[in-house]
Number of protein chains: 2
Amino acid sequence: MKKTIVVFSLLILAILLLFQFSKYTFISNNLQIEIVIGIIAIAFFFIGIYINKKSLHKTDTPSVEINMKKIEELGITKREYEVLKKISEGLSNKEIATILFLSESTIKTHVSNILVKLDAKRRTQAIQIAKSLQII
Amino acid sequence: MKKTIVVFSLLILAILLLFQFSKYTFISNNLQIEIVIGIIAIAFFFIGIYINKKSLHKTDTPSVEINMKKIEELGITKREYEVLKKISEGLSNKEIATILFLSESTIKTHVSNILVKLDAKRRTQAIQIAKSLQII
DNA sequence: GTCATTTTGGCACTAAAGTATGAGTTCCTT
DNA sequence: AAGGAACTCATACTTTAGTGCCAAAATGAC
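Fair warning: this is a prediction, and the values are worked out from it, not measured in the lab. (Residues numbered from 1 in each chain as written. Chains lettered and ligands numbered in written order. Predicted model: local features only at pLDDT ≥ 70, side-chain atom pairs only at ≥ 80, totals over all residues. Heavy atoms only, no water.)

K.L.:
Which parts of the structure should I look at to understand the protein's contact with DNA strand D?
P.N.:
Within the structure, DNA strand D sits among 19 residues, and T77 and R79 of chain A together with K108, S112 and R123 of chain B are positioned closest to it. When atoms of DNA strand D within 4 Å of the protein are split into backbone and base, the sugar-phosphate part holds 70%. The contact in question runs from a phosphate oxygen of DNA strand D to an N or O atom on the side chain of T77 of chain A, over 2.4 Å. Within the side chain of H110 of chain A, one N or O atom sits 3.0 Å away from a phosphate oxygen of DNA strand D. Among the elements of the structure, helix 4 (78-88) and helix 6 (104-118) of chain A together with helix 5 (93-99) and helix 6 (104-118) of chain B are those that each provide at least two residues to the surface near DNA strand D. Along the lines of polarity and charge, the residues of the surface near DNA strand D split into three nonpolar, nine polar and seven charged. (Near = heavy atom within 4 Å. Polar contact = N/O pair within 3.5 Å; in protein donor to acceptor, adjacent residues only side chain to side chain. Helix = DSSP H or I, 4+ residues; strand = E, 2+ residues; numbered from the N terminus. Nonpolar A, V, L, I, M, F, W, Y, C, P; charged D, E, K, R; others polar.)

Set out below in structure tokens:
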């Protein structure tokens, strides 16, 4: 950002100098002044593009907002959502059970409910659907 | 895009008119010309930002570059890669077999090879790994 | 044409995943 | 305190998934 400000300032200075220079050499020539204005217009046009591109690249967060509303809409509970996230991490039912201090049976129940709520036939499809709905 | 061009053209016209107007009213006042130039500079600066934003929104491709090099590195073959993509779409082995006109046995073979090459224990983990490696 | 790799696929088997049903517990709300 | 939703777990069963081993075509490079 500091760099941008410096570049920007230098450009303004250069344009002002250009203007001052033209004022004393072509003061009587209106056509010349129009050319100077044209150059300035084009220059600032590209400066605008450049700065915008820079700032956009900074905020180029690929973070996908999680659609909480959708989760509620689908009636997915807290526990089910926890399990869903673990599924998307590629964990098995047994592994999820161990991590959440539950039995594998419980995880199976949760998974079954998740599949119904997401209208999926398999856990892999549930991952795909959940991602397309931006809930994980 | 047509709209942008029209807006752009109208702005240029307005600025030229402003310039012409100022030329006949404040022709002797250099300070006034400087102000006009400043206005033009600011105007084109924002035009640049506006147009850039428009064009960027059009090419707002959330496309994550697929790491072909990584696929080769892992020794994943064409057929295996096809199967991997189908897995990530949440399809079962039987469904993949139907789509690719192969037997389920063949798909199982491919899946097993994929799991070894991606160092995954399950297809769900393979999806997660493949995504983190940006190969799907 | 030969050799290595890829692709295909079968069979037998084990391991996970998923379904169905039922039931006890906890927690929140009215 | 009663009712409902959420959470927990079990048992029995069916369906997928995944492994190991083998082997025949097909493909492509040298």
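K.L.:
For this particular structure, what's the right way to read the protein's contact with DNA strand C?
P.N.:
In the vicinity of DNA strand C, 19 residues are found, and the nearest of them are K108, S112 and R123 of chain A together with T77 and R79 of chain B. Atoms of DNA strand C within 4 Å of the protein belong to the sugar or the phosphate in 73% of instances, the rest to bases. In this structure, R123 of chain A approaches DNA strand C through a main-chain N or O atom, which is 2.7 Å from a phosphate oxygen. At 2.7 Å from a phosphate oxygen of DNA strand C is found a side-chain nitrogen or oxygen belonging to R79 of chain B. Mapped by element, the contributors of at least two residues to the surface near DNA strand C are helix 5 (93-99) and helix 6 of chain A together with helix 4 (78-88) and helix 6 of chain B. Its residues assigned to classes, the surface near DNA strand C shows three nonpolar, nine polar and seven charged.

K.L.:
Sorry, what's going on with the packing of helix 7 (residues 123-132) of chain A against helix 7 (residues 123-132) of chain B here?
P.N.:
Each pair of packed helices can be summarised by the angle the axes make with each other and by the distance between the axes. Running from N to C, helix 7 of chain A and helix 7 of chain B point in directions that differ by 35 degrees, and their axes come no closer than 9 Å. At the point where helix 7 of chain A passes helix 7 of chain B, the crossing takes the right-handed sense. Across the interface between the two elements, R123, T124, I127 and K131 of chain A of helix 7 of chain A pack against R123, T124, I127 and K131 of chain B of helix 7 of chain B. (Axes fitted to C-alpha atoms, helices over the stretch in contact; angles between N-to-C directions. Left-handed = near helix turned anticlockwise from the far one by under 90°. Contact = heavy atoms within 4.5 Å.)

K.L.:
Explain the pattern of salt bridges here, please?
P.N.:
Opposite charge on two side chains allows them to pair when their charged atoms are near. Residues and elements named next belong to chain A. All told, the structure shown has eight salt bridges over all chains when counted by the stated rule. Residue E82 is joined to R79 by a salt bridge in which the shortest nitrogen-to-oxygen separation is 3.0 Å. Note that E82 and R79 are positioned in helix 4 at a spacing of three residues, about one turn of the helix. Overall, R79 belongs to the partly exposed group, its relative accessible area being 32%. (Salt bridge = Lys/Arg side-chain N within 4 Å of Asp/Glu carboxyl O. Buried < 20%, exposed > 50% of the residue type's maximum accessible area, 1.4 Å probe, protein only.)

K.L.:
Help me understand the environment of L118 of chain B, please; the structure alone is not making it clear to me.
P.N.:
Residue and element names in this part refer to chain B. Along the chain, L118 falls in helix 6. You can call L118 buried: its relative accessible area is 5%. Along the backbone, L118 and I76 are 42 residues apart, and their C-alpha atoms lie at a distance of 8.8 Å. For L118, the contacting residues outside a window of four places in its chain are L74, I76, L84, A126, I129, A130, L133 and I135.

K.L.:
Teacher, can you tell me more about unusual backbone geometry here?
P.N.:
Note: most peptide bonds trans; most residues except glycine with negative phi. All names here are of chain A. Backbone geometry at F101 places phi at a positive 55 degrees, although glycine is not the residue there. As for its position among the elements, F101 is in the loop between helix 5 and helix 6. The class of F101 is exposed, set by a relative accessible area of 75%. In the Ramachandran plot, D119 falls in the positive-phi region, its phi being about 60 degrees despite a non-glycine side chain. One can find D119 in the loop between helix 6 and helix 7.

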